[in-house]
Amino acid sequence: MPVLYRPARAQDLERADALVVASINDLTGRHGFGPMAVARPPSFQLFSLNDDAGGLWVAEDADEIVGFAWSWVSGDLWFLAQLFVSPDRQGSGIGNELLKRTLDHARLSGAGSKALITFTFNTVSQGLYLRHGMFPRFPIYMVSAARDGVSGRLRGPQLDYRPLEEAHLPALARIDVEALGVSRQKHHRYLIGDSATRGFALYVANECAGYVYIGEETGHIGPLAVVRPGFLDAAFRTALRLACARGSPQVSAFVPGLAEPALAAAIEHRMRLTFPMVLMSTQAFGNWSQYLPRNPGFM
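The following paragraphs examine the structure supplied in this document. All values reported here derive from a predicted model rather than from experimental measurement. (Residues numbered from 1 in each chain as written. Predicted model: local features only at pLDDT ≥ 70, side-chain atom pairs only at ≥ 80, totals over all residues. Heavy atoms only, no water.)

1. Digging into the packing of aromatic side chains
The final tally for this structure, using the stated rule, is 15 aromatic pairs. Taking the centre distance of 5.7 Å and the plane angle of 85 degrees together, the rings of Tyr161 and Phe200 count as edge-to-face. Within this pair, whereas Tyr161 is found in strand β7 (residues 160-163), its partner Phe200 is found in strand β8 (residues 197-204), the two being separated by 39 residues in sequence. When its relative accessible area of 42% is taken as the criterion, Tyr161 is described as partly exposed. Judged by its relative accessible area of 4%, Phe200 is buried. Between Phe254 and Phe275, the aromatic rings sit 6.2 Å apart at their centres with planes inclined by 70 degrees, giving edge-to-face as the arrangement. Residue Phe254 is located in strand β11 (residues 250-256), and its partner Phe275 is located in strand β12 (residues 272-281); the two are separated by 21 residues in the primary sequence. The same class applies to Phe254 as to Phe275, namely buried. Cluster of aromatic residues (ring-pair linked, three or more members): Phe33, Phe119, Phe121, Phe254 and Phe275. The ring of Tyr203 is capped by Arg162, whose NZ or CZ atom sits 3.8 Å from the centre of that ring. (Phe/Tyr/Trp six-rings, centres within 6.5 Å; stacked < 30°, edge-to-face > 60°. Helix = DSSP H or I, 4+ residues; strand = E, 2+ residues; numbered from the N terminus. Buried < 20%, exposed > 50% of the residue type's maximum accessible area, 1.4 Å probe, protein only. Lys NZ or Arg CZ within 6 Å of the ring centre and 35° of its normal.)

2. Overview of the side chain of His187
Within the secondary structure, His187 sits in helix α7 (residues 185-192). Apart from the residues lying within four places of it in its own chain, the contact partners of His187 are Phe44, Phe47, Trp72, Ser74 and Phe298. (Contact = heavy atoms within 4.5 Å.)

3. Remarks on empty space enclosed by the protein
On inspection of all chains with the given rule, the structure shows one cavity of 30 Å³ or more. In this model, the largest cavity occupies a volume close to 40 Å³. Together, Asp176, Arg184, His187, His188, Leu191, Tyr211, Pro223, Tyr291 and Phe298 line the largest cavity. With three residues, the single largest contributor to the lining of the largest cavity is α7. When its residues are assigned to classes, the lining of the largest cavity shows five nonpolar, two polar and two charged. (1 Å grid on protein atoms, 1.4 Å probe; cavity = no way out; pocket = protein on both sides within 12 Å on 5 of 7 lines; lining within 4 Å. Points joined across faces, edges and corners; volume = space filled by probe spheres on them. Nonpolar A, V, L, I, M, F, W, Y, C, P; charged D, E, K, R; others polar.)

4. As for the pairing of β11
Burial runs high along β11: six of the seven residues are buried. The sheet contact formed by strand β10 (residues 220-226) and β11 spans two bridges and is parallel. The residue of β11 that forms the bridge with Ile221 is Ala253. A crossover links β10 with its parallel partner β11, the connecting element being helix α8 (residues 232-244), and its sense is right-handed. (Pairing = 2+ DSSP bridges. Right-handed = clockwise from strand over helix to strand, strands pointing away.)

5. Considering helix α4 (residues 123-131)
Burial in α4 covers these residues: Ser125, Gln126, Gly127, Leu128 and Tyr129. Contacts from the buried residues of α4 go to β4 (77-85), α3 (94-109), β5 (113-119), β6 (135-146) and β12.

Now the structure itself:
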């Protein structure tokens, strides 16, 4: 029977996540990085499905999910969060067919910019995205270190912070427009309600000048944004302190190459570059000296 391409359903998401984890670990293993992905509850996928079901698709063969694509839209930005095909079915055209359907989602949304984050060593996928007008813009580095090593080196300027609440949403929208060019208010509502993540508003004097989210159990930083590039150094150092306070054995973050103060602070705290990624888009957008993404799916 031919492969069936259909909209994803809620009951598909755990199986789709298992496929994504297997595909990522196959890719990173083949390039010498070892396995890096682990299965997690597909909470943000389910949020996206409920928010805009047109962005999630599965490829199915004899009741087996062999491919998964997921995109979301915020304002004028369409973002391809995931596009993965089962390792034993790659090269058979499934990825092309899924991408066609997600690009239809972009067209119907009216989004002016299309973007994604992928592995720099995933040249096959990059070629596919290039053919659809999405070009490499800058590298994004995953940095990581043992919490004890980072906490022993904490120094430098810090910002005041307060726990994020719904009342902060207008300020967060303003910060995102400054940093990314779009408001992501619905995504902040998701993160504020996510028990696995703690959010903090960052203050300069009495101004809410930024925000950061920290994984409660993972010590992972992101997203992080500031209203002006000059605040990034202190904001990232504050984020390192908050991450170390969570008690996770590791501290990690995704840092764009354009966010030089954060990248310099990461190296100062002996954080290792664990693997490289790249942002691709149809046009330049945002000021990435003010924003650190959460992960390649959330941005």
